[in-house]
Amino acid sequence: QEIVGISRASYYRACKRLKNLERGTLPPPKKPKTLNKPKWAEVEKQLVLKLRRENPTYGKAKIAVILKRDHEQRLSESTVGRILKYLLAQGLIQKSPSAVRVKRKRNFTKGHAESWTYKDYKTMTMGERVQIDHMTITKNGISAKHFQAWDRRSKFITARLYSHAKSSSAKRFLLELVKNCPFIIHSIQVDGGSEFMAEFEKACAELKIPLIVLPPSRPTYNGGVERGNRIFREEFYANKNLLADSIGELNANLSHAVKKYNTFRPHANLNGLTPMLYIQNNLSMAAP
């Protein structure tokens, strides 16, 4: 017991199990001797089946209300849910097309991307974990995808519009970011969207830029670029004087808005400096 490092009780339990195995005695099953029987009858099951087939998007809450209102069947939501689960297991109904689908976890054993790990943001330098995200915008009848990058240290933003949120569009945005960014990109942080896989991930590998992927349902970890999206939604796309009627013209106007943000709009977290002025001051201090 001292050698293995377990408690005396655990040691004796293990010895007992070993003796039973030597005798050919298997441990007793943990399955309960008596199981709860379904608390619904065939009539109720058929009613739920009929309602669900007629309304394939209805869940247990709606069906329970309809049963009580139209059929005088007082089944609880939980019971209706268990009936639906039974019917689904029997293949009598299909999963609702509006049901929340569980996203597959990204495989980090292959490819260039790596999973997100905590790091104190105060220790980050310019160009480290640059946050990239996209949002859908609609302006003057035009629907487009607004890709945006945000640097935590300098608050510098780059943005561009594309017709689709594909990995090819994300790759084009990445190449433009690397080309026009006034500092070196050391690493990139994105969510788990498919637009940041395939061609985008391959481009990051070719540029030797580490790609960090956030865990599911953690948009707050990309809070900076999310806040930047809100700024452009309120200060640029909500402008009634923005009359552009094509993605190309919208991009031209967006370039002016990005330049205004980086060179004119003061930032409270930079002590009133603009992102470009902050970058220039830091680059001049770092120069030999």
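Preceding this section is the structure that the text describes.
Only a predicted model underlies this, so the values are computations on that prediction, with no experimental measurement involved.

Q: What is the right way to read the pattern of salt bridges from this model?
A: Proximity of charged atoms lets side chains of opposite charge pair with each other. Taken as a whole and judged by the stated rule, the model has 7 salt bridges. Salt-bridge contacts for Lys-119 lead to Glu-128; the nearest nitrogen and oxygen are separated by 2.2 Å. The partner of Glu-235 in a salt bridge is Arg-265, with the nearest N and O atoms 3.0 Å apart. Residue Glu-235 is found in helix α7 (residues 223-237), and its partner Arg-265 is found in the loop between α8 (247-263) and α9 (275-286); the two are separated by 30 residues along the sequence.

Q: Sorry if this is basic, but what is going on with the environment of Val-213 here?
A: Residue placement: Val-213 occurs in strand β6 (residues 211-213). In this structure Val-213 comes out as buried when scored by relative accessible area, which is 3%. With sequence-adjacent residues up to four places away left out, Val-213 is seen in contact with Arg-106, Phe-108, Ala-113, Glu-114, Ser-115, Trp-116, Val-190, Asp-191 and Gly-192.

Q: Sorry if this is basic, but what is going on with the packing of aromatic side chains here?
A: For any two aromatic rings, the description comes down to two numbers: the centre-to-centre distance and the angle of the planes. Across all of its chains, the model carries 10 aromatic pairs by this definition. Ring geometry for Tyr-11 and Tyr-12: centres 5.4 Å apart, planes at 65°, overall edge-to-face. Ring geometry for Trp-116 versus Tyr-221: centroids 4.3 Å apart, planes at 20°, classification stacked. Pair noted here: Trp-116 is in the loop between β1 (114-115) and β2 (130-139) and Tyr-221 is in the loop between β6 and α7, with a separation of 105 residues, a long-range link. The exposure class of Trp-116 is buried, given its relative accessible area of 18%. Residue classification places Tyr-221 among the partly exposed positions, given a relative accessible area of 25%. Taken together through their ring pairs, the aromatic side chains of Phe-147, Tyr-162, Phe-173, Phe-196 and Phe-200 make up a single cluster.

Q: Looking at this structure, I do not really get the side chain of Gln-131. What am I missing?
A: With respect to the secondary-structure elements, Gln-131 resides in strand β2. The exposure class assigned to Gln-131 is buried, which follows from its relative accessible area of 1%. With residues near it in sequence (within four places) discarded, Gln-131 still touches Gln-148, Ala-149, Trp-150, Arg-152, Gln-189, Tyr-221, Asn-222, Gly-223, Gly-224 and Val-225.

Q: Would you mind showing me how to read the sheet that holds β2 here?
A: Remark on secondary structure: sheet strands pair via backbone hydrogen bonds, oriented parallel or antiparallel. One open sheet holds the 6 strands; their spatial order is β1-β6-β5-β2-β3-β4, and the pairing between them is mixed. In the strand order of this sheet, the two ends are held by β1 and β4 (157-162), each with one partner. Relative to strand β5 (residues 188-190), β2 runs parallel, the two being bridged by 2 bridges. Across the sheet, Val-130 pairs through a bridge with Ile-188, a residue of β5. In the packing of helix α5 (residues 167-180) onto the sheet, contacts are made with β2, β3 (142-150), β4 and β5, and the angle to β4 comes to roughly 145°.

Q: How should I be thinking about the side chain of Lys-155 in this particular structure?
A: Relative to the helices and strands, Lys-155 resides in the loop between β3 and β4. Lys-155 has contacts with Trp-150, Tyr-261, Asn-262, His-267, Asn-269, Leu-270 and Pro-275, leaving out every residue within four places of it along the chain.

Q: Can you help me understand the pairing of β3 in this one?
A: Within a regular beta strand, the side chains point alternately toward one face of the sheet and then the other, so they alternate between its two faces. Counted residue by residue, β3 has 7 buried out of 9 residues, so it is predominantly covered. As paired strands, β2 and β3 are joined by 9 bridges and run antiparallel to one another. Across the sheet, residue Lys-139 finds its bridge partner in β3, namely Ile-142. Taking the residues between adjacent antiparallel strands as the criterion, β2 and β3 are bridged by 2 residues, where Asn-140 takes a positive phi near 55°. The loop that links β3 with its antiparallel partner β4 comprises 6 residues; one of these, Lys-155, has a positive phi angle of about 65°.

Q: How do you make sense of the packing of helix α2 (residues 42-54) against helix α4 (residues 77-89) when you look at a structure like this?
A: Angle between the axes and distance between the axes: these two values describe a pair of packed helices. One can describe the packing of α2 onto α4 by two numbers: an axis separation of 10 Å at closest approach and a directional angle of 75°. Compared by their axis directions, α2 and α4 come out roughly perpendicular. Taking contact as the criterion, the partners of Lys-45, Val-48, Leu-49 and Arg-52 in α2 are, on α4, Val-80, Ile-83, Leu-84, Tyr-86 and Leu-87. Along the lines of polarity and charge, the residues of the contact of α2 with α4 split into 7 nonpolar, no polar and 2 charged.

Q: For this particular structure, what's the right way to read the nonpolar core?
A: In globular proteins that are soluble, nonpolar side chains generally tend to be buried together. Membership of the largest hydrophobic core comes to 27 residues, with the highest contact counts inside it found for Ile-132, Ile-185, Ile-188, Val-190, Phe-200 and Leu-211. Elements supplying a minimum of two residues to this core: β2, β3, α5, β5, α6 (198-206), β6 and α9. Of the residues forming this core, the biggest block, 4 residues, is contributed by α5. What Ile-132 contacts, discounting residues up to four positions off in sequence, is Gln-148, Ala-149, Phe-173, Leu-177, Ile-188, Gln-189, Val-190, Phe-196, Phe-200, Asn-222 and Val-225.

Calculation notes
Residues numbered from 1 in each chain as written. Predicted model: local features only at pLDDT ≥ 70, side-chain atom pairs only at ≥ 80, totals over all residues. Heavy atoms only, no water. Salt bridge = Lys/Arg side-chain N within 4 Å of Asp/Glu carboxyl O. Helix = DSSP H or I, 4+ residues; strand = E, 2+ residues; numbered from the N terminus. Buried < 20%, exposed > 50% of the residue type's maximum accessible area, 1.4 Å probe, protein only. Contact = heavy atoms within 4.5 Å. Phe/Tyr/Trp six-rings, centres within 6.5 Å; stacked < 30°, edge-to-face > 60°. Pairing = 2+ DSSP bridges. Axes fitted to C-alpha atoms, helices over the stretch in contact; angles between N-to-C directions. Parallel < 35°, antiparallel > 145°, perpendicular 65-115°, else oblique. Nonpolar A, V, L, I, M, F, W, Y, C, P; charged D, E, K, R; others polar. Core = buried A, V, L, I, M, F, W, Y, C linked by side-chain atoms within 4.5 Å.

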